[in-house]
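Take a look at the letters that make up each chain.
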Amino acid sequence: MIVKNRPTTAGATAGDTRASGRFQRLRRDKVLVALGLPGAIALILFQYLPLLGNVIAFQDYEPYLEVTEAPFVGLENFSFLWDGNPAFLTAVSNTLILTVVQAVFVFPIPLLLALLLNSLAGERLKRLLQSILYLPHFLSWVIVVAIFQQMLGNAGMLNTFLVQNDLPMIHVIGAPELFKALLTAQVIWKDAGWGTIIFLAAIAQIDQEQYEASAVDGANGWQRLWHITLPSLKGIIILLLILRLGDSLSVGFEQIILQQGPAGIESSEVLDTWVYNHGIVGGDWGMSTAAGLVKSVVGVLMVIGANKLAHVFGEQGVYKK
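Computed from a predicted structure; not experimentally measured.

Rules and cut-offs
Residues numbered from 1 in each chain as written. Predicted model: local features only at pLDDT ≥ 70, side-chain atom pairs only at ≥ 80, totals over all residues. Heavy atoms only, no water. Helix = DSSP H or I, 4+ residues; strand = E, 2+ residues; numbered from the N terminus. Rg over C-alpha atoms; globule rule 2.2 N^0.38 Å. Buried < 20%, exposed > 50% of the residue type's maximum accessible area, 1.4 Å probe, protein only. Contact = heavy atoms within 4.5 Å. Areas by Shrake-Rupley, 256 points an atom, 1.4 Å probe, with all protein chains shown as cover. Lys, Arg positive; Asp, Glu negative; His and termini not counted. Charge placed at Lys NZ, Arg CZ, Asp CG, Glu CD. pLDDT = per-residue confidence, 0-100. Patch = residues over 30% accessible without salt bridge, like charges linked within 9 Å, V, L, I, M, F, W, Y side chains within 5 Å. Salt bridge = Lys/Arg side-chain N within 4 Å of Asp/Glu carboxyl O. Axes fitted to C-alpha atoms, helices over the stretch in contact; angles between N-to-C directions. Parallel < 35°, antiparallel > 145°, perpendicular 65-115°, else oblique. Nonpolar A, V, L, I, M, F, W, Y, C, P; charged D, E, K, R; others polar. Phe/Tyr/Trp six-rings, centres within 6.5 Å; stacked < 30°, edge-to-face > 60°. Lys NZ or Arg CZ within 6 Å of the ring centre and 35° of its normal. Expected span 1.5 Å × (residues − 1). Bend = angle between axes of the 7 residues up to and from the residue.

S.K.: Can you help me understand the overall build of the protein chain in this one?
M.R.: A count of helical and extended segments in the protein chain gives 15 helices and 0 strands. Against the 2.2 N^0.38 benchmark of 20 Å for 321 residues, the protein chain shows a C-alpha radius of gyration of 26 Å, more extended than a compact globule. Each principal axis of the C-alpha distribution contributes one length, and for the protein chain these read about 100 × 75 × 40 Å. The buried share among the 321 residues of the protein chain stands at 31%. Once local pairs closer than 6 in sequence are excluded, the contacts in the protein chain between residues at least 24 apart make up 63%. For the protein chain, the accessible area works out to roughly 20,300 Å², and carbon and sulfur atoms hold 67% of it. In the protein chain, which carries 20 positive and 23 negative side-chain charges, the distance between the mean positions of the two groups comes to 20 Å.

S.K.: When you look at the confidence of the model for the protein chain in this model, what are you seeing that I'm missing?
M.R.: The predicted coordinates should not be examined in detail at positions where pLDDT is low. For the protein chain, the mean per-residue pLDDT works out to 82, and 90% of the residues sit at or above 70. Per-element mean pLDDT across the protein chain ranges from 59 in helix α1 (residues 2-28) up to 91 in helix α6 (residues 141-152). Confidence over residues 1-7 falls short of pLDDT 50; this stretch has 0 contacts with residues more than four positions distant or in other chains.

S.K.: Could you clarify how one ought to interpret a nonpolar patch on the surface in this entry?
M.R.: A cluster of nonpolar side chains, contributed by Leu-37, Ile-41, Leu-43, Ile-44, Leu-45, Phe-46, Tyr-48, Leu-49, Leu-51 and Leu-52, occupies part of the molecular surface with about 1,000 Å² of accessible area. Secondary-structure assignment places Leu-37 in helix α2 (residues 30-48). Here Leu-37 falls in the partly exposed class, since its relative accessible area comes to 46%.

S.K.: Just checking my understanding: could you explain unusual backbone geometry for this structure?
M.R.: As a rule of thumb, non-glycine residues mostly have phi less than zero, and peptide bonds are mostly trans rather than cis. Non-glycine residue Asp-166 carries a positive phi angle of around 55°. Mapped onto the elements, Asp-166 comes out in the loop between α7 (157-164) and α8 (179-204). According to the relative accessible area criterion, Asp-166 is exposed, its value standing at 72%.

S.K.: Would you mind showing me how to read the packing of helix α5 (residues 123-134) against α8 here?
M.R.: Helix-helix packing: each pair is described by the crossing angle between the helix axes and the interaxial distance. Here α5 crosses α8 at 130°, and the two axes come no closer than 7 Å. Taken together, the axes of α5 and α8 are oblique relative to one another. Across the interface between the two elements, Gln-130, Leu-133 and Tyr-134 of α5 pack against Gly-193, Trp-194, Thr-196, Ile-197 and Leu-200 of α8. Residue composition of the contact of α5 with α8, grouped by class: 5 nonpolar, 3 polar and no charged.

S.K.: Explain the packing of aromatic side chains to me, please; I cannot follow it from the model alone.
M.R.: Any aromatic ring pair is given by two values, namely how distant the centres are and how the planes are angled relative to each other. The tally for this structure, following the rule as stated, stands at 6 aromatic pairs. Taking 5.4 Å as the distance between ring centres and 40° as the angle between the ring planes, the aromatic pair formed by Phe-58 and Phe-78 counts as tilted. Taken together, the residues span a long stretch of sequence, with Phe-58 in the loop between α2 and α3 (86-105) and Phe-78 in the loop between α2 and α3 at a distance of 20 residues. Judged by relative accessible area, which is 28%, Phe-58 ranks as partly exposed. Three or more aromatic residues joined by ring pairs form one cluster here, namely Tyr-134, Phe-138 and Trp-194. We note Lys-190 situated over the ring of Trp-141; from NZ or CZ to the ring centre the distance is 5.1 Å.

S.K.: Looking at this model, I keep getting lost on helix α10 (residues 221-246). Mind explaining?
M.R.: Relative to the 38 Å expected for 26 residues at 1.5 Å per residue, α10 spans 35 Å between its end C-alpha atoms, a close match to the ideal helical length. Remark: the principal bend of α10, roughly 45°, maps to Lys-234. Taken together, the buried positions of α10 are Ile-228, Thr-229, Leu-233, Ile-237, Leu-240 and Ile-242. Looking at the buried side of α10, the elements it contacts are α4 (108-119), α8, α9 (208-216) and α15 (285-312).

S.K.: Sorry if this is basic, but what is going on with the environment of Ile-236 here?
M.R.: Structurally, Ile-236 is set in helix α10. Each C-alpha atom of the pair Ile-236 and Glu-315 lies 10.0 Å from the other, and the pair is 79 residues apart in sequence. With residues up to four places along the chain from it excluded, the contact list for Ile-236 reads Ile-198, Phe-199 and Ala-202.

This is the structure:
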């Protein structure tokens, strides 16, 4: 009996030691815990608790009824997935096109800008350019859209100049065929500079002795970029790509809804605006919630799948294997 009790006592002692160690770490880091507590509470209140509202996707919900009073309808609100709803299919098509276009043309721009800024010799010039590139990020989409309208609208600066010089006008704002290109240009102008922050921080962590050694061996700038800088950034590039996949089906609700009228529904409707137009405007709360739920689930699955693929190629991804 004494022999049998020894492991139990040792296990209890080890458990008590681990608990005591955690308690000591909490006491030691109590300032950090206190600083992080408001953010954690806000995250729970505004990110996790609202997830309970997804129950509306399975109900015939009316906004003036309590959630518990709305009758359950099963998967009826998900009928848009199999009944060939033309408005939904148009929204899916436009969303996927914008996702691919922005992944190809928007994602590489911050990396290229970071490489260019890092190559500048003058520290003052680098800081000045960084400040100029960061500034558009702090403008709201209302201001950004207004600026583009003043520049490219029918009565904007570009067309005013063309008319004054007896040249044909160029219709950019409100042209359905140019709407996706316009959205992409706005995203690049607004957020490309801000996206350089992570890449510049990652470049700053690269060991400078590698560059010095390669320069001694006769490597030029392009060779150092290709064999040192880009391989060192591979992990952060893959991480950002995976995180972008999770948000890939959200292509800018506020930006699009502000410009949807002139461009027309056919060319501008995406999943987020479809949910708004059918839920808030059209009053179909259950179907809109179901569409939002499907979009979120697909985003999570894409992140998990991309992360598994990163593990296959030996990268850490968002989380370790």
